[in-house]
Amino acid sequence: MSGGSYYVPDQSRFPIFMAVSLFLLVMGASSTINNLDDPTSNSVYILYSGFACLFLTMFFWFRQVIKEHLAGLDSNQLKQSYVYGMAWFIFSEVMFFAAFFGALFYVRTLAVPWLAGEGSKGAAITAIELWPAFESSWPVMTTPDQGNEYDLADKSMAWPGWSKALLWLPLWNTIVLLSSSWTVHLAHLGLKKGNRKKFNVYLGVTVLLALIFVGLQALEYYEAYAHYGLKLNSGIYGSTFFMLTGFHGFHVMMGGFMLAIMLARSVFAGHFEQHDHFGFEAASWYWHFVDVVWLMLFIFVYIL
Amino acid sequence: MSAVIENHHDDHDHGPAKGITRWLYTTNHKDIGTLYLWFSFAMFLIGGAMAMIIRAELFQPGMQIVEPEFYNQMITLHGLIMIFGGVMPAFVGLANWLVPMMIGAPDMALPRMNNLSFWILPFAFFILLSSLFMEGGAPNFGWTFYAPLSTTYAPPSVTFFIFSVHIMGASSIMGAINVVVTIMNMRAPGVTLMKMPLFVWSWLITAYLLIAVMPVLAGAVTMMLMDIHFGTSFFNAAGGGDPVLFQHIFWFFGHPEVYIMILPAFGIVSHIIETFSRKQLFGYSSMVWAMLSIAILSFVVWAHHMFTVGLPLAAEIFFMWATMLIAVPTGVKVFNWVATMFRGSLTFETPMLFAVAFVVLFTIGGLSGLMLAIVPADFQYHDTYFVVAHFHYVLVPGAIFSIMAAVYYWIPKWSGNMYDERLGKLHFWLSFIGVNVTFFPQHFIGLAGMPRRYPDYALIFADWNMVSSIGAFLFGFSQLLFLFIVIKTVMGGKKATDQVWEGAKGLEWTVASPAPYHTFSTPPKVD
Ligand code: HEM
Ligand SMILES: [Cu+2]
């Protein structure tokens, strides 16, 4: 709470542009999804134009914020607003993942056993009547309806045992992502000591590791689809597996993209000072957050 | 709180821009507050029109004016529009107008994002309403959109519904982040946490709830989208999922959501009762603690909406007691309001009338809530009109009365003009009678067993339904009077003084009426 004056920006066109972009985006997305089996539908172009407008607006908006920052318009108090804002944004992301983890815990510990007849009431009795053959296990390889509606998988992504541990992609992914959290921290230390070269190099390594992670994850999905028969529609195991890892992967891409921008800003424009670099810090917080989510995934989706 | 303004002249560098761009590009918290409030009023009228259709159909038993299919779309849209378009944006609008002025801040912390959180809302509701004209009609699965009604059996427009909910959620999250950051970072020196006006406190807690649960709602609709279009089986037992999972996720959002719609009302009513009792509010700190405990408890009571879906006995008992526990802090609040009025020099201007009615009628809603919280009783009441009566008592003479009270209370500060007291009182009495005539009989028909969400009913329910419909028309049309009063006040009227109300305390009453475009560009000194 400083006594100085707080920078209140003048009128701005960015928000309304962004609102229109989002409108195009969701209209495009909804109609594309509703017309998935109609090859003549053009809705996907609305979706693309929404994306394009969104990226453009964000580009110019952030550019403006950076310019204001370089012009010294933002007081320490405003910087503090960004700090709080980012922290609460990450909290909202945590809660988004919490919904999917909650779903995972619920089906694993309650719904699936009930479907196999555990307990004595409601769900259990209905399930015994409908699907007497279903047996509870996790990963669920055979769905209650024995794969009538669903494409059953042959193999899951679970821990393969020590003998095959080194061939197990999730382990490598964990190593890659944990090291990237470490390298981004090293980059931060470098910046704080005023060592730009160290900052650039370690940030570059972090972005590279992010790319490797996304590559490995793509490989894993390919294996799942091509060799394990494990798909989004393989019943509840496939649903939770792909949605949790998919949203995480998507966040890795966003975080990696943010870090890449920070790298570009440092390398090409010489941005960030020893004591003043919240843009980078925000991206690195996000990165650590993505890392923690992965650890949860590794434990609860892959190992246990 | 007493305040000394150091330099009262506040030379404003510039006023508002001219024309439509003022509203499109604005970063001013007062402009954005005004936009939110008018938007919410428009949604209130649209949602209200749908309620009129519903009550017209229920005026008599038998099918009269709409098809059952359309009836379902009406109840769904009515609920969604009133909650996400009416009540929530109204509170965000009030937060925009009041929070910066109450804590002595020049504006909201992140003004451009503030504009964005507003302007995506009209688009979201445009999408939602346009679903009425789509093939298969608008969403018809109720505002709670339970799977599999909203997945396997949903009309194609559900996809549009899902994305519009995403946008509403994004708007709420950004709005809430803005409020939290403003309150944490922008208080004038001397405005410590325990000196903050209660409306600010109530919004700090509300914003925290919003940031915690709106993403969960986003998760729920995302799972729906995947189940409908991409073959996942979150809510399909045949694939190992569970439709009840939907209800858990939904109500994990949904119960805190009902507190999101009532906590700011608590804040508003505390201010108004304090002012018109001309006394200090009784038990300030217990008010804060009560709101905090309500907010925390609201995360562990969600399954009281699901007592009849077949939960394990232990869960039923846990959620029953946890729910009843909420009555304790709620009771503290009601007690404090009454104690504030006790031996005060009361006057009953329109805001006070609405606030007192709030205390009484909200308490009726709280008591029916307690009845619903009793598991064996809820087996009878669940999905009957008794539940409808309960939540309308907490939402209409609760949340909505508090919004109207707030408008009457602060509109002199916003517009510089006093509203017409005679018309205001008329509006109050029409609304008060209308709301009770509408919803009180619903307790009776609910206890007698009339199920909710059907366009037709058995003959024994006919009399009370007709009474209820008459009350609804009265209430509905009285709101046009409200619209008239607001417009009349904005256009002109007796000039308001700076303090407006004799007993009013707080920083917002120290600035001119109407409040200048920029207030507190340099923070005031508060002790
Ligand atoms: C003492 C406080 C309260 C208690 C004990 C309570 C309890 C309950 C219970 C047990 C139900 C479920 C009834 C059923 O479906 O069978 C319910 C429904 C509901 N309550 Fe409350 N409630 C309280 C306060 C509130 C407040 C403050 C609000 C909103 C401002 C609210 C809004 C609702 C709504 C919207 C529903 C119905 C949702 C639906 O099924 O569509 N309640 N309440
Ligand atoms: Cu509830």
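The model shown is predicted, which means the values in this text are computed figures rather than measured ones.

Engineer: A description of the overall build of chain A should follow, citing residues and the corresponding values.
Structural biologist: Within chain A, the secondary structure is distributed over 8 helices and 0 strands. Across chain A, helices and strands are ordered from the amino to the carboxyl terminus as α-α-α-α-α-α-α-α. Principal axes of the C-alpha set define a box for chain A whose edges measure 70 × 50 × 40 Å. Of the roughly 14800 Å² of accessible surface on chain A, a fraction of 67% belongs to carbon and sulfur atoms. Averaged over its 15 positive side-chain charges, chain A has a centre that lies 15 Å from the centre of its 19 negative ones.

Engineer: Describe the overall build of chain B, listing the residues and the values that go with them.
Structural biologist: Per the secondary structure count, chain B includes 15 helices and 2 strands. Taken over C-alpha atoms, the radius of gyration comes to 23 Å for chain B, in line with the 24 Å a tight globule of 527 residues would show. For chain B, the spread of C-alpha atoms along the principal axes amounts to about 70 × 50 × 45 Å. Burial status across chain B gives 65% buried among its 527 residues. In chain B, 83% of the contacts between residues at least 6 apart in sequence involve partners at least 24 apart.

Engineer: Which residues make up the coordination of the iron atom of ligand 1, and what values do they have?
Structural biologist: All names here are of chain B. Donor atoms from the protein around the iron atom of ligand 1 number only one, H390 (NE2), found at 2.1 Å. Between the two metal centres, the iron atom of ligand 1 and the copper ion (ligand 2), the spacing is 4.5 Å. As for its position among the elements, H390 is in helix α13 (residues 385-415).

Engineer: Could you give an account of the packing of aromatic side chains, naming the residues involved and the relevant values?
Structural biologist: All names here are of chain B. As enumerated under the stated definition, the model contains 92 aromatic pairs over all chains in all. Their ring planes at 50° and their centres at 6.3 Å tell us that F234 and F235 sit as a pair that is tilted. When its relative accessible area of 3% is taken as the criterion, F235 is described as buried.

Engineer: Provide a residue-level description of the interface of chain B and chain A, including the pertinent values.
Structural biologist: Across the contact, 71 residues belong to chain B and 68 residues belong to chain A. Surface buried jointly by chain B and chain A totals about 5900 Å² across both partners, of which 74% is contributed by carbon and sulfur atoms. By the criterion of area lost to chain A, the three top residues of chain B are B:Y25, B:R112 and B:N185, representing 13% of everything that side buries. Linking chain B with chain A are 1 salt bridge. The closest approach of N and O atoms between B:R112 and A:E68, which form a salt bridge, is 2.9 Å. Taken together, the connections running from chain B to chain A amount to 17 residue pairs in polar contact (both at pLDDT 80 or more). Every element with two or more residues in the side of chain B that touches chain A is listed here: α1 (21-25), α4 (111-130), α5 (158-185), α6 (198-229) and α7 (243-260) of chain B. Here the side of chain B that touches chain A gets 12 residues from one element, more than from any other, and that element is α6(B). Tallied by class, the residues present in the side of chain B that touches chain A amount to 47 nonpolar, 19 polar and 5 charged.

Engineer: Tell me about the side chain of A:S284, and name the residues and values.
Structural biologist: Relative to the assigned elements, A:S284 resides in helix α8 (residues 278-303). Beyond its immediate stretch of four places on either side in the chain, A:S284 contacts A:V184 and A:L259.

Engineer: Talk me through the site of ligand 1; I want residue IDs and the actual numbers.
Structural biologist: All names here are of chain B. Not every one of the 23 residues close to ligand 1 is listed here, only the nearest: W143, D378, H382, H390 and R452. Here an oxygen atom of ligand 1 sits 2.9 Å away from a polar atom, N or O, in the side chain of W143. Within the side chain of D378, an N or O atom sits 2.5 Å from an oxygen atom of ligand 1. When contributions to the shell around ligand 1 are tallied by element, the ones reaching two or more residues are α7, α11 (350-373) and α13. Here the residues of the shell around ligand 1 sort into 13 nonpolar, 8 polar and 2 charged. A domain split of the shell around ligand 1 shows at least three residues from each of domain 1 (31-261) and domain 2 (266-513).

Engineer: Tell me about the nonpolar core, and name the residues and values.
Structural biologist: Core analysis: the biggest nonpolar cluster contains 285 residues, and A:F280, B:F84, B:F125 and B:F161 have the highest contact counts within it. The biggest single contributor to this core is α6(B), with 23 residues. Counting only domains with at least three residues in this core, you end up with domain 1 (31-261) and domain 2 (266-513) of chain B. When neighbours within four sequence positions are excluded, B:F84 is seen to be in contact with B:P89, B:F125, B:M168, B:M214, B:L217 and B:F253.

Engineer: I'd like a description of empty space enclosed by the protein, backed by residues and values.
Structural biologist: Residue and element names in this part refer to chain B. If you walk through the whole model with that rule in mind, you get 3 cavities of 30 Å³ or more. Looking at the largest cavity, its volume works out to about 160 Å³. Together, 15 residues line the largest cavity, and M88, P89, V92, S171 and S172 are the ones closest to its centre. Looking at the lining of the largest cavity, the elements with two or more residues in it are α3 (68-103), α5 and α6. A per-class count over the lining of the largest cavity returns 12 nonpolar, 3 polar and no charged.

Engineer: Give a detailed account of α3(B), specifying residues and quantitative values.
Structural biologist: Residues and elements named next belong to chain B. Spanning 36 residues, α3 covers 50 Å between terminal C-alpha atoms, matching the ideal 52 Å at 1.5 Å per step. Of all bends in α3, the biggest is about 35°, found at M82. Burial of α3 is extensive: 32 of the 36 residues sit out of reach of the surface. Remark: G104 follows α3 within two positions and exhibits a positive phi of approximately 75°.

Engineer: Outline the domain arrangement of chain B, listing residues and values.
Structural biologist: Residues and elements named next belong to chain B. Segmentation of chain B into domains returns domain 1 (31-261) and domain 2 (266-513). Relative to domain 2, the C-alpha centre of domain 1 lies at a distance of 19 Å. With 57 residues of domain 1 at the contact, the number on the domain 2 side is 60 residues. Both faces considered, domain 1 and domain 2 share a buried interface measuring about 5200 Å² in area, 78% of it formed by carbon and sulfur atoms.

Rules of the game
Residues numbered from 1 in each chain as written. Chains lettered and ligands numbered in written order. Predicted model: local features only at pLDDT ≥ 70, side-chain atom pairs only at ≥ 80, totals over all residues. Heavy atoms only, no water. Helix = DSSP H or I, 4+ residues; strand = E, 2+ residues; numbered from the N terminus. Areas by Shrake-Rupley, 256 points an atom, 1.4 Å probe, with all protein chains shown as cover. Lys, Arg positive; Asp, Glu negative; His and termini not counted. Charge placed at Lys NZ, Arg CZ, Asp CG, Glu CD. Rg over C-alpha atoms; globule rule 2.2 N^0.38 Å. Buried < 20%, exposed > 50% of the residue type's maximum accessible area, 1.4 Å probe, protein only. Contact = heavy atoms within 4.5 Å. Donors = N, O, S within 2.8 Å, 3.2 Å for Na, K, Ca; no water. Phe/Tyr/Trp six-rings, centres within 6.5 Å; stacked < 30°, edge-to-face > 60°. Buried area = accessible area lost by both parts, 1.4 Å probe. Salt bridge = Lys/Arg side-chain N within 4 Å of Asp/Glu carboxyl O. Polar contact = N/O pair within 3.5 Å; in protein donor to acceptor, adjacent residues only side chain to side chain. Nonpolar A, V, L, I, M, F, W, Y, C, P; charged D, E, K, R; others polar. Near = heavy atom within 4 Å. Domains from an automatic or database assignment. Core = buried A, V, L, I, M, F, W, Y, C linked by side-chain atoms within 4.5 Å. 1 Å grid on protein atoms, 1.4 Å probe; cavity = no way out; pocket = protein on both sides within 12 Å on 5 of 7 lines; lining within 4 Å. Points joined across faces, edges and corners; volume = space filled by probe spheres on them. Expected span 1.5 Å × (residues − 1). Bend = angle between axes of the 7 residues up to and from the residue.

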